[in-house]
Amino acid sequence: MNFATKILHGSTCIDPFTGASSVPIYQASTFHQADIDQPGAFDYARSGNPTRQALEEAIASLEGGARGFAFSSGMAAISSVFMLFSAGDHVVVAEDVYGGTFRFLTKVLSRMGISVTFVDATETEAVRAAITPATKGVYLETPSNPTLKVTDIAAVSRIAKEHGLLVIVDNTFLTPYYQRPLELGADVVIHSATKFIGGHSDVVAGLAVTREAGLGEQLYFIQNGMGAILGVQDCWLVMRGLKTLKARLDVSTKTAAGLAEWLSSHPQVSRVYYTGLADHPSHLIQTQQATGHGAVLSFDVGSRERAKALFDRVKLPIVAVSLGAVETILSYPATMSHAAMPAEERAARGITDGLIRLSAGLEDFDDLVADLKQALDHLPSEAPAYKEKEVFSRA
Ligand SMILES: *Cc1c(COP(=O)(O)O)cnc(C)c1O
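These numbers were taken from a predicted model, which means no experiment stands behind them.

## Observations concerning empty space enclosed by the protein
Stage number 1. Taken as a whole and assessed by the stated rule, the structure comprises five cavities of 30 Å³ or more.
Stage number 2. Roughly 60 Å³ of volume is contained in the largest cavity.
Stage number 3. As for the largest cavity, its lining consists of Ala 94, Glu 95, Asp 96, Val 119, Asp 120, Ala 121, Thr 122, Glu 141, Ser 144, Lys 149 and Thr 151.
Stage number 4. By residue class, the composition of the lining of the largest cavity is three nonpolar, three polar and five charged.
Stage number 5. Of the pockets and cavities examined, the second largest cavity occupies roughly 40 Å³.

Encoded structure:
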C-alpha cells in the first residue's frame, strides 16, 4: 500500500466491533476481567487502551517499525526513550536539537548520571570522534531548527552500528510521509505529534516507534512504568489529524517551496534557509534521504528592528511558538526557541536577530505572498546586515 492509502486504511479507520468510521474514544480506565485466571487483552488503561492502541499501531505502520507508543507530549516521548539508558551511559547528541530536549539532557538527565556530548552531526565524522567506551546511543534531529541543517541518517547509523549504539531520530519536522529514519538504519523514531501529525494546533502529544520488537518491549515497560501516556481524547484528535497528514503536507510544502523562492528574490531578505533551494548546503543529502523538503523555512531580514517591524505588520500568520499546523505560523527564534542561547552562539549558528521561522499552513498562496509583501515593503530601510556575508556554514 502506498502512503496515502495506508494512512486511511490502517488501524485508525474502522472500529472492528461496530463498523464505526473512526475508532471510538474508549473513555475507560479499567476493563472487566471475566475470569481472574484469564485476563483479557486490556486490563488497566495506563497499560493499554483500544483507542491508544489504534494510534500506536498506525504510527508504527507508517514509520515501518514493530511497535508504536503514544505519550502525553513530545518531551514525554523523548524523556521516556532516554530511560532506555542507564547511569554511566554516554550519548552523542546532535547540537541543534530542540530546546526542550537540550534542557532535559543538560538539566535533568545529567543528574541521573547519563552524560551527553553535543556534536555537529552534519559532519558524520564528528559523531565517530565523540564515541567513547561508555557511549550507548546517538540522538539526531534532522532537519534541525531553525536553519534546517541535515544529518545523513544512514551514514551516522553505519558508524553507530560498528559500535553497537542505539540510533534515535526526532522526525517531527518531516514526518513519515517524507522521511522514514528506521528504513535508513535508525532504531527509534520520535515525534512531537503536537506539530504536523496532530496538525491543527489543538493537541499536545508525542509518539515513538521502535524498529525491533525486542526494543519495543523495553520501551513498553518504560511507558507503562513511568506512565506518561496520551489520554484517549487526545489519541482520537491525533488520529484525526493523521488522516489528513499527506493532504496537508502536499499543500503546505508547495506553499513553503513557493515562499522560499519568492523570499529569495525579495530585496529586503538577506538569506533564506529551505532545503528545497539548490543553494542550501544540505540540499543534496536531503534530496537523497527524504522524499520532500517539508513546510518549514527560515529567512533573515537583517536586524531585530526589521524583524519586529515585520511581525507587527503581518496579518495572516499567527505569531507563536510552534509549527506544523493548518494556519501559517511565524516565530522569532532569538527570543522564542533559542532565547536561552548566548547571542554569539546563536550568531555562529546563523540564528541572528533578523531570523524569522515560517511554518506554512493551508492559506491561499497568493494571499500569503501579498501579506508578506506588504510587511516586507514597509521595513525600516537600513541595509540588511547579512546581505553579503555567508552566515550559514557547515564548518
Ligand atoms: C515541539 C518539538 C518537540 C517537543 O514536543 P512537545 O510536544 O512540545 O513536548 C520535540 N522536538 C521537536 C523537533 C519539536 O518541534
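## Observations regarding the pattern of salt bridges
Stage number 1. The full count for this structure, using the stated rule, is 16 salt bridges.
Stage number 2. Asp 96 is the partner of Lys 149 in a salt bridge, and the nearest nitrogen-oxygen pair spans 3.9 Å. With a gap of 53 residues between them, Lys 149 in the loop between strand 4 (135-141) and helix 6 (153-162) and Asp 96 in the loop between strand 2 (90-94) and helix 4 (99-108) connect regions that are remote in the sequence.
Stage number 3. Residue classification places Asp 96 among the buried residues on the basis of a relative accessible area of 10%.
Stage number 4. Linking Lys 149 and Asp 120 is a salt bridge whose minimum nitrogen-to-oxygen distance equals 4.0 Å. Highlighted residues: Lys 149 in the loop between strand 4 and helix 6 and Asp 120 in the loop between strand 3 (115-119) and helix 5 (124-130), separated in sequence by 29 residues. Neither residue differs from the other here; Lys 149 and Asp 120 are each classed as buried.

Reading the values: rules and limits
Residues numbered from 1 in each chain as written. Predicted model: local features only at pLDDT ≥ 70, side-chain atom pairs only at ≥ 80, totals over all residues. Heavy atoms only, no water. 1 Å grid on protein atoms, 1.4 Å probe; cavity = no way out; pocket = protein on both sides within 12 Å on 5 of 7 lines; lining within 4 Å. Points joined across faces, edges and corners; volume = space filled by probe spheres on them. Nonpolar A, V, L, I, M, F, W, Y, C, P; charged D, E, K, R; others polar. Salt bridge = Lys/Arg side-chain N within 4 Å of Asp/Glu carboxyl O. Helix = DSSP H or I, 4+ residues; strand = E, 2+ residues; numbered from the N terminus. Buried < 20%, exposed > 50% of the residue type's maximum accessible area, 1.4 Å probe, protein only.

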